[in-house]
Amino acid sequence: MSIEIRDLVHIYSEGTPFEKRALDGVNLKIEKGKFIGLIGHTGSGKSTLIQHINGLIKPNSGEILINGLNITKKEIKMREVRQKVGLVFQYPEHQLFEETVEKDISFGPMNLGLKEDIIKERVKDSMEKVGLDYLEYKDRSPFELSGGQKRRVAIAGVIAMNPEVLILDEPTAGLDPKGREDILGQIKILNDNNPDLTIILVSHSMEDIANLVDKIIVMNGGKVELYGTPREIFKNIELLERVGLAAPQVTYVMKALKNKYPDIDTEIYTVEQARDEILRVKRGQENA
């Protein structure tokens, strides 16, 4: 088991008039190597949850185990947590600060006290994983790059730490369509080529989540409302709408087509699935 969360509770401003229970008894088991989508409306607890998994904040009660290491224990060293769990915040390019791409990506591994040759290999490897050619970009200033390229450099800096769990908080926020497509494509390649890496993607885009992940966590009111495959989650449209979310747009299109094609499968959540299902129904009509 890669991640096990047991009865996790976090209360902000406890004992004051502003007290808020951000996490209310969260229990989760995420298998090693799974690609997980995390969704929920603002205030649902998803941001607080990922900060706990990365060890940025401690719970009031409960436990988090990352591959057997209980990161909620008082004696745990944060270096151990950072090596196991990498967190890429929204707009991570705002945290770039070195004069070259290579130096920026090297910063984390250097703080681990690694040898120079190992650091260089990690930089090369992480740049390759995000689709940046090492020789072309290593000596360039990160501030001269496009928004999407800056985002890739920032992600590479986290990957260079060789985490066992990679958390991406809205990695396409603020990017143009080409930048979004490039980042999501690289995340998919990263997932495909690293079967032992557990990835958690936080996103407001149901389409992005539906196209990429193995399972989805739906947060609501500090609790896990739903946890299952995209098909299992998106068939619960009424529940999703009740908690301020929605299914992918293509799912609504398929439901609308039900009036014209009664035997059409409406539990569809990607454009590719919709195409195949519409073709199946049309061919069935033609052969009838």
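In case you missed it, the structure is sitting above this.
These lines cover the structure that appears in this document, whether it is placed above or below. The model shown is predicted, which means the values in this text are computed figures rather than measured ones. (Residues numbered from 1 in each chain as written. Predicted model: local features only at pLDDT ≥ 70, side-chain atom pairs only at ≥ 80, totals over all residues. Heavy atoms only, no water.)

Burial analysis of helix α1 (residues 46-53) places six of its eight residues in the buried class, which makes it a mostly covered element. Here α1 has its buried residues at Lys46, Thr48, Leu49, Ile50, His52 and Ile53. Once α1 finishes, Gly55 follows within two positions and takes phi at roughly 80 degrees, a positive value. (Buried < 20%, exposed > 50% of the residue type's maximum accessible area, 1.4 Å probe, protein only. Helix = DSSP H or I, 4+ residues; strand = E, 2+ residues; numbered from the N terminus.)

Now for the sheet that holds strand β3 (residues 35-39). If you walk across this open sheet you meet the six strands as β6-β7-β8-β3-β9-β10, and the pairing is mixed. Every other strand in the sheet has two partners, leaving β6 (85-88) and β10 (223-228) as the edge strands with one partner each. When the angles between neighbouring strand axes are averaged without regard to direction, this sheet yields 20 degrees. Where strand β9 (residues 215-220) meets β10, five bridges bridge the pair, whose relative direction is antiparallel. Across the sheet, Ile217 pairs through a bridge with Tyr227, a residue of β10. Along the sheet, α1 contacts β3, β6, β7 (165-169), β8 (198-202) and β9; its crossing angle with β3, the most-contacted strand, is approximately 140 degrees. Running over the sheet, helix α7 (residues 177-193) touches β3, β7 and β8 and is turned about 155 degrees from β8. (Pairing = 2+ DSSP bridges. Axes fitted to C-alpha atoms, helices over the stretch in contact; angles between N-to-C directions. Contact = heavy atoms within 4.5 Å.)

Our next topic: unusual backbone geometry. Although it is not a glycine, Tyr91 sits at a positive phi angle of roughly 50 degrees. As for its position among the elements, Tyr91 is in the loop between β6 and α3 (101-111). According to the relative accessible area criterion, Tyr91 is partly exposed, its value standing at 33%. One non-glycine residue, Asn162, lies in positive phi territory at about 55 degrees.

To continue, consider the packing of aromatic side chains. Per the stated rule, a full pass over the model turns up two aromatic pairs. Aromatic pair Phe97 and Phe107: ring centres 5.1 Å apart, planes at 90 degrees, arrangement edge-to-face. With Phe97 in the loop between β6 and α3 and Phe107 in helix α3, the pair connects residues that are ten residues apart, well separated along the chain. You can call Phe97 partly exposed: its relative accessible area is 46%. (Phe/Tyr/Trp six-rings, centres within 6.5 Å; stacked < 30°, edge-to-face > 60°.)

In this structure, strand β1 (residues 3-12) lies alongside strand β4 (residues 61-66), joined through five bridges in antiparallel fashion. Among the inter-strand pairings, Val9 is bridged to a residue of β4, identified as Ser61. Across two bridges, the pairing between β4 and strand β5 (residues 69-70) is antiparallel. Considered in β5, the bridge of Leu65 is made with Asn70. The hairpin formed by β4 and β5 contains two residues between the paired strands, and Asn67 there has a positive phi angle of roughly 45 degrees.

Attention now goes to the sheet that holds strand β2 (residues 20-30). In sheet architecture, strand pairing relies on hydrogen bonds along the backbone and comes in two forms, parallel and antiparallel. With respect to topology, four strands assemble into an open sheet ordered β2-β1-β4-β5, the strand pairing being antiparallel. Edge positions in the sheet fall to β2 and β5, since each has one partner strand and no second. As defined by bridge partners, β1 adjoins β2 across eight bridges and the pair is classed as antiparallel. Opposite Ile11, over in β2, you have Arg21 as the bridge partner. Strand contacts of α1: β1, β2 and β4, with the helix running at about 120 degrees to β1, the strand carrying the most contacts.

Turning our eyes to something else, we now look at the pattern of salt bridges. Applying the stated criterion to the full structure yields 18 salt bridges. Of the charged contacts, one joins Arg6 and Glu63 as a salt bridge, the two residues approaching to 3.1 Å between their closest N and O atoms. Here Arg6 is found in strand β1, whereas its partner Glu63 is found in strand β4, with 57 residues between them in sequence. Across the salt bridge formed by Asp24 and Arg21, the nearest N and O atoms sit 3.6 Å from each other. For Arg21, a relative accessible area of 41% translates into the label partly exposed. (Salt bridge = Lys/Arg side-chain N within 4 Å of Asp/Glu carboxyl O.)

Bringing the side chain of Asn70 into the picture now. Structurally, the position occupied by Asn70 is in strand β5. One polar contact links Asn70 to Glu63, side chain to side chain, over a distance of 3.2 Å. A polar contact of 2.5 Å, which involves the side chain of Asn70, links it to the side chain of Thr72. (Polar contact = N/O pair within 3.5 Å; in protein donor to acceptor, adjacent residues only side chain to side chain.)

Remark: helix α11 (residues 249-257) packs on helix α12 (residues 271-287), axes separated minimally by 9 Å, with the N-to-C direction vectors making an angle of 20 degrees. In this view, α11 runs roughly parallel relative to α12, as classed from their interaxial angle. For the element pair α11 and α12, the recorded crossing hand is left-handed. Contacts between α11 and α12 involve Val250, Met254 and Leu257 on the former and, on the latter, Val271, Ala274, Glu277 and Ile278. Residue composition of the contact of α11 with α12, by class: six nonpolar, no polar and one charged. (Parallel < 35°, antiparallel > 145°, perpendicular 65-115°, else oblique. Left-handed = near helix turned anticlockwise from the far one by under 90°. Nonpolar A, V, L, I, M, F, W, Y, C, P; charged D, E, K, R; others polar.)

Treat this as a map of the structure, not an account of what it does.
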